[in-house]
Amino acid sequence: MRMRTVEIGVGAFMLAGLAALIVLALNVSGLNLSEQSKGYKVYARFENIGGLTPRAKVSMSGVQIGKVTAIRIDTRMLMAEVEMEIFNEVDYLTTDSSASILTAGLLGEQYIGVVPGADEEVLGEGDFIEDTQSALVLEELIGKFLFNKVGE
Amino acid sequence: MKPESDAIIDIRGLSFSRGDRPIFDGVDIKIPRGKVTAIMGPSGTGKTTLLKLIGGQLRPDRGDILLDDLNIPTLGRRELFEVRERMGMLFQSGALFTDMDVFENIAFPLRVHTTLPEEMIRDIVLMKLQAVGLRGARALMPSELSGGMARRVALARAISLDPDIVMYDEPFTGQDPIAMGVLVNLIRRLNQALGHTSIIVSHDIKETLGIADYIYILSDAKVIASGTPKELADVDSDKVRQFMQGLPDGPVPFHYKAPDYMQDLLGEIQS
Amino acid sequence: MMLNMLQRLGHRSLSRLAALGRASQILFQSLVARPQPLVMLPLVLKQIWFVGVLSLVIIVVSGGFIGMVLGLQGYTILVDYGSEQAVGQMVALSLVRELAPVVAALLFAGRAGSALTAEIGLMKATEQLASLEMIGVDPLRRIIAPRLWAGFICMPLLAMIFAVVGIWGGSLVAVDWLGIYEGSFWANMQQSVSFYDDVVNGIIKAVCFGLVVTWIAVFQGYDCIPTSEGISQATTRTVVYSSLAVLGLDFVLTALMFGEL
């Protein structure tokens, strides 16, 4: 009789632990079990990527359309090269779209904001976004401000 | 009566020290088969240690402990496991497993060493309980038993495999007269009925002399006397006589080492 | 005089080293052997009950309160920066990365660890371990091993339950009481908590803590002086050493896991 209580208790405990793990995976960390929306790779070069990290969001008009998958240095052009994976469903980014590194909120993480252009053709696998805007670096801003002030 | 004729346990030249203190120094003991042998001596002479050495829980520094043809200190794990099947030990505190009831405690050695079916185990356990008079207590937990009852259950557990050797570690200590009488009676009766060898470690003169066939007295790491109870009564040794008669002063002094009495008292007054 | 101090230091260090050696020996001897699942499974199950299920109350209550405090404090601090929306991720990250494994381990050491030490110490004092040996059963395999396994299994489960209850407590305070929009609470959290980097690392921490705490608890009981005073000293040592070990190990693990990020 006592053994039965023990077994039931232990079984319930293990279930609770498993449930906790599932909650942690799905609700807390947003683990995407559904097929990671497959996407196509798009590249962009920046002078300065600021605090951009891999897995940062890529969004258009505030809606996420992909994520940053890798950040490298392009040794030919000596600039930073960001590799992004754009969701397959987002197939309307024109070739003259622009990509800027923006900051979410005052202290927030940095992400890439894409503004589409007006071209006929759209970006495909392996294409580059030519029009880029680097991250704002505080020291440069202050420098520019002081420079302007001096000029006045 | 010389026990050399048939010694089931033959201890030769046993030496064992704990740290710097020698517990045994070249001790020879022969335990006669089928009889009740008592190992006695003042507190702290290592009587319990001897049982642990025989059981293989401790290894001697030097010497042999022969059980029939097997030298206990040299046995490997497998062989030691098999030898332990032939020994049963009753610990001073009973040492029943507190998470099992009486029945399970006694069945434990059977389950470990044999693959007997449940019905047979049940029969054996009930027989052992009947032998110690506690068949009705089979479902109690150790915490529900009185001290004397716990000892009897522990005794039933010690004999559950019908061992050749049963060892009793201070069985009479702290028992009330009735429990004592029951235990003495049981030890003697079981020894005769089951034909095993009993080794009792005790410092209880009266009870032990009553049931022992052969006695060894240990003191200061050596055997200072051995013989039947009658032979020991006539032994001409101060140490033995002090122990046997319970004299307060003798080779084991009454006074702990202290400076001269007069000096001590005067010293107080002077300062 | 100096020589005396040196000698005492040397003696203490050597005896600590010897204790570590003995502890490693019993860990090895308990776990490494032909597995006997038929015998071991019921023993392990029983220990999971004593060590895990009976610790649930303190884990759940503590987790809930800590989560609620995190929610409250987090809100109070973040609201000054206009970032109170970030309370969700703050609570979740603090719990999942640090507080759940560490605090659950400390509570576990105090409740289950001390109970293990006392139980094993008492078995030693009442000669139950010795009589197991005399009957021919290795007490390391029968008594110690199931408790070790139970500790390894229970600790990560308890840590996860702690984290979940804590996050729920935090959400109670932030969403229901302080009025943060429920959607952003959870959405922000899901954005910033990574399963592999945060949750899994937290679980790895909990497993390591479980190992260390249970090992210390079991060794202190097995090695103690078999008197009532000895047992109480051993129990105290278990709680103190486990707590220190958990905190120290946490630093090392955190540096390894999150340091390079």
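Just above sits the structure.
Reading the values: the criteria
Residues numbered from 1 in each chain as written. Chains lettered and ligands numbered in written order. Predicted model: local features only at pLDDT ≥ 70, side-chain atom pairs only at ≥ 80, totals over all residues. Heavy atoms only, no water. Helix = DSSP H or I, 4+ residues; strand = E, 2+ residues; numbered from the N terminus. Buried < 20%, exposed > 50% of the residue type's maximum accessible area, 1.4 Å probe, protein only. Contact = heavy atoms within 4.5 Å. Areas by Shrake-Rupley, 256 points an atom, 1.4 Å probe, with all protein chains shown as cover. Buried area = accessible area lost by both parts, 1.4 Å probe. Salt bridge = Lys/Arg side-chain N within 4 Å of Asp/Glu carboxyl O. Polar contact = N/O pair within 3.5 Å; in protein donor to acceptor, adjacent residues only side chain to side chain. Nonpolar A, V, L, I, M, F, W, Y, C, P; charged D, E, K, R; others polar. Lys, Arg positive; Asp, Glu negative; His and termini not counted. Pairing = 2+ DSSP bridges. Axes fitted to C-alpha atoms, helices over the stretch in contact; angles between N-to-C directions. Parallel < 35°, antiparallel > 145°, perpendicular 65-115°, else oblique. Phe/Tyr/Trp six-rings, centres within 6.5 Å; stacked < 30°, edge-to-face > 60°. Lys NZ or Arg CZ within 6 Å of the ring centre and 35° of its normal. Left-handed = near helix turned anticlockwise from the far one by under 90°. Patch = residues over 30% accessible without salt bridge, like charges linked within 9 Å, V, L, I, M, F, W, Y side chains within 5 Å. Arc of directions from axis to C-beta.

A. Structural view of the overall build of chain A. A count of helices and strands for chain A gives 2 helices and 8 strands. Secondary structure elements in chain A, listed N-terminal to C-terminal, are α-β-β-β-β-β-β-β-β-α. Every one of the 152 residues in chain A was classed for burial, and the buried ones make up 34%. Partitioning the intrachain contacts of chain A with sequence separation of at least 6 by distance along the chain shows that 63% fall at a separation of at least 24. With the model as given, the accessible surface of chain A reaches about 9,600 Å², and the carbon-plus-sulfur share is 58%.

B. Spatial organisation of the interface of chain A and chain C. Opposite the 26 residues of chain A that make contact, chain C presents 33 residues. Between chain A and chain C, the buried area comes to about 2,300 Å², and carbon and sulfur atoms account for 81% of it. Across the chain A-chain C interface, the total number found is 0 salt bridges. The interface formed by chain A and chain C contains 0 residue pairs in polar contact (both at pLDDT 80 or more). Residue composition of the side of chain A that touches chain C, grouped by class: 16 nonpolar, 6 polar and 4 charged.

C. Structural detail: the side chain of Arg157 of chain B. Along the chain, Arg157 of chain B turns up in helix α5 (residues 147–158). No salt bridge forms around the buried Arg157 of chain B; measuring N to O, its nearest opposite-charge neighbour Asp99 of chain B is 8.6 Å away. The residues contacting Arg157 of chain B, other than those within four sequence positions of it, are Gly94, Ala95, Leu96, Phe97, Asn105, Ile106 and Pro109 of chain B together with Ser131 and Ile135 of chain C.

D. Expanded view of the interface of chain C and chain B. Chain C puts 13 residues into the contact, and the matching count from chain B is 21 residues. Contact with chain B buries surface across chain C, with Glu127, Met134 and Ile135 of chain C losing the most and accounting together for 42% of the total. If you look at where chain C meets chain B, you find 0 salt bridges. Counting the contacts that link chain C with chain B gives 7 residue pairs in polar contact (both at pLDDT 80 or more). When the residues that make up the side of chain C that touches chain B are grouped by side-chain class, the tally is 5 nonpolar, 4 polar and 4 charged.

E. Geometry of the arrangement of the chains. Looking at the 2 pairs of chains with contacts, the pair that accumulates the most is chains A and C. Considering only C-alpha positions, the minimal separation of the non-contacting chain A and chain B is 12 Å.

F. Region of interest: the sheet that holds strand β2 (residues 57–60) of chain A. All names here are of chain A. Spatially, the 8 strands line up as an open sheet ordered β7-β1-β4-β3-β2-β6-β5-β8, and their pairing is mixed. The open sheet has two edge strands, β7 (127–129) and β8 (131–133), and neither has a second partner. Shown here is a sheet whose adjacent strand axes are inclined to one another by a mean of 30 degrees, direction ignored. For strand β5 (residues 98–103) and β8, the ladder comprises 3 bridges, and the chain directions are parallel. From the neighbouring strand, Ser98 faces β8, where its bridge partner is Asp131.

G. Region of the structure containing the pairing of β2 of chain A. Residues and elements named next belong to chain A. Where β2 meets strand β3 (residues 63–74), 4 bridges bridge the pair, whose relative direction is antiparallel. Looking at β3, one finds that Val58 is bridged to Gly66. Counting the residues that bridge the hairpin from β2 to β3 gives 2 residues, and of these Ser61 lies at a positive phi of roughly 55 degrees.

H. Examining the packing of helix α1 (residues 2–31) of chain C against helix α8 (residues 195–223) of chain C more closely. All names here are of chain C. Where α1 contacts α8, the two axes come as close as 10 Å, and the packing angle between them is 105 degrees. Classed by the angle they form, the pair α1 and α8 counts as roughly perpendicular. Counted together, Ala19, Arg22, Ala23, Ser24, Ile26 and Leu27 of α1 and Trp215, Val218, Phe219, Tyr222 and Asp223 of α8 form the full contact between these two elements. Its residues assigned to classes, the contact of α1 with α8 comprises 8 nonpolar, 1 polar and 2 charged.

I. Seen up close, the packing of aromatic side chains. Using the criterion set out here, one finds 5 aromatic pairs over all chains in the structure. Taking the centre distance of 5.8 Å and the plane angle of 75 degrees together, the rings of Trp149 of chain C and Phe152 of chain C count as edge-to-face. With Trp149 of chain C and Phe152 of chain C both in helix α6 (residues 139–177) and 3 residues apart, this pair spans about one turn of that helix. Judged by relative accessible area, which is 37%, Trp149 of chain C ranks as partly exposed. Sitting over the face of the ring of Phe97 of chain B, Arg157 of chain B holds its NZ or CZ atom 4.6 Å from the ring centroid.

J. Up close: the sheet that holds strand β2 (residues 21–32) of chain B. Residue and element names in this part refer to chain B. Sheet architecture is open: 4 strands sit in the order β2-β1-β4-β5, paired in antiparallel fashion. Two strands bound the open sheet, and with one partner strand each, they are β2 and β5 (70–71). As paired strands, strand β4 (residues 62–67) and β5 are joined by 2 bridges and run antiparallel to one another. From the neighbouring strand, Leu67 faces β5, where its bridge partner is Leu70.

K. Representation of the packing of α6 of chain C against helix α7 (residues 182–192) of chain C within the structure. Residues and elements named next belong to chain C. Packing of α6 against α7 brings their axes to within 10 Å, and their N-to-C directions diverge by 145 degrees. Crossing handedness for the pair α6 and α7: right-handed. Counted together, Ile167, Gly170, Ser171, Ala174 and Val175 of α6 and Glu182, Phe185, Trp186 and Met189 of α7 form the full contact between these two elements. Partitioning the contact of α6 with α7 into residue classes produces 6 nonpolar, 2 polar and 1 charged.

L. Layout of the pattern of salt bridges. All names here are of chain B. Taken as a whole and judged by the stated rule, the model has 21 salt bridges over all chains. A salt bridge links Asp10 to Arg12; the shortest N-O distance between them is 3.1 Å. Judged by relative accessible area, which is 12%, Asp10 ranks as buried. Here Asp162 ties to Lys128 by a salt bridge, and the two come within 2.8 Å at their closest N and O atoms. On the criterion of sequence distance, the pair formed by Asp162 in the loop between α5 and β7 (165–169) and Lys128 in helix α4 (residues 118–131) is long-range, its members being 34 residues apart. Judged by relative accessible area, Lys128 falls into the buried class, the value being 8%.

M. How the structure looks around the environment of Met127 of chain B. Along the polypeptide, Met127 of chain B turns up in helix α4. Here the alpha-carbon distance between Met127 of chain B and Ser160 of chain B, two residues 33 residues apart in the chain, equals 9.0 Å.

N. Spotlight on a nonpolar patch on the surface. Residues and elements named next belong to chain A. Taken together, Leu136, Leu138, Leu141, Ile142, Phe145 and Leu146 make up a surface patch of nonpolar side chains, about 640 Å² in accessible area. Mapped onto the fold, Leu141 is located in helix α2 (residues 138–151). Given a relative accessible area of 39%, Leu141 falls into the partly exposed group.

O. Region of interest: the environment of Gly169 of chain C. Residues and elements named next belong to chain C. For Gly169, the location among the structural elements is in helix α6. With 47 residues separating them in the primary sequence, Gly169 and Ile216 have C-alpha atoms 32 Å apart. Contact partners of Gly169, with chain neighbours within four places excluded, come to Gly64, Gly67 and Met68.

P. Fine view of helix α2 (residues 77–84) of chain B. For α2 of chain B, the full list of buried residues reads Leu80, Val83 and Arg84 of chain B. Mapping the buried residues of α2 of chain B onto a view down its axis gives an arc of 95 degrees, with all of them on the same face. Packed against the buried residues of α2 of chain B are β4, β5 and β6 (87–90) of chain B together with α5 (128–135) of chain C.

Functional significance is not addressed by these values, which are geometric in nature.
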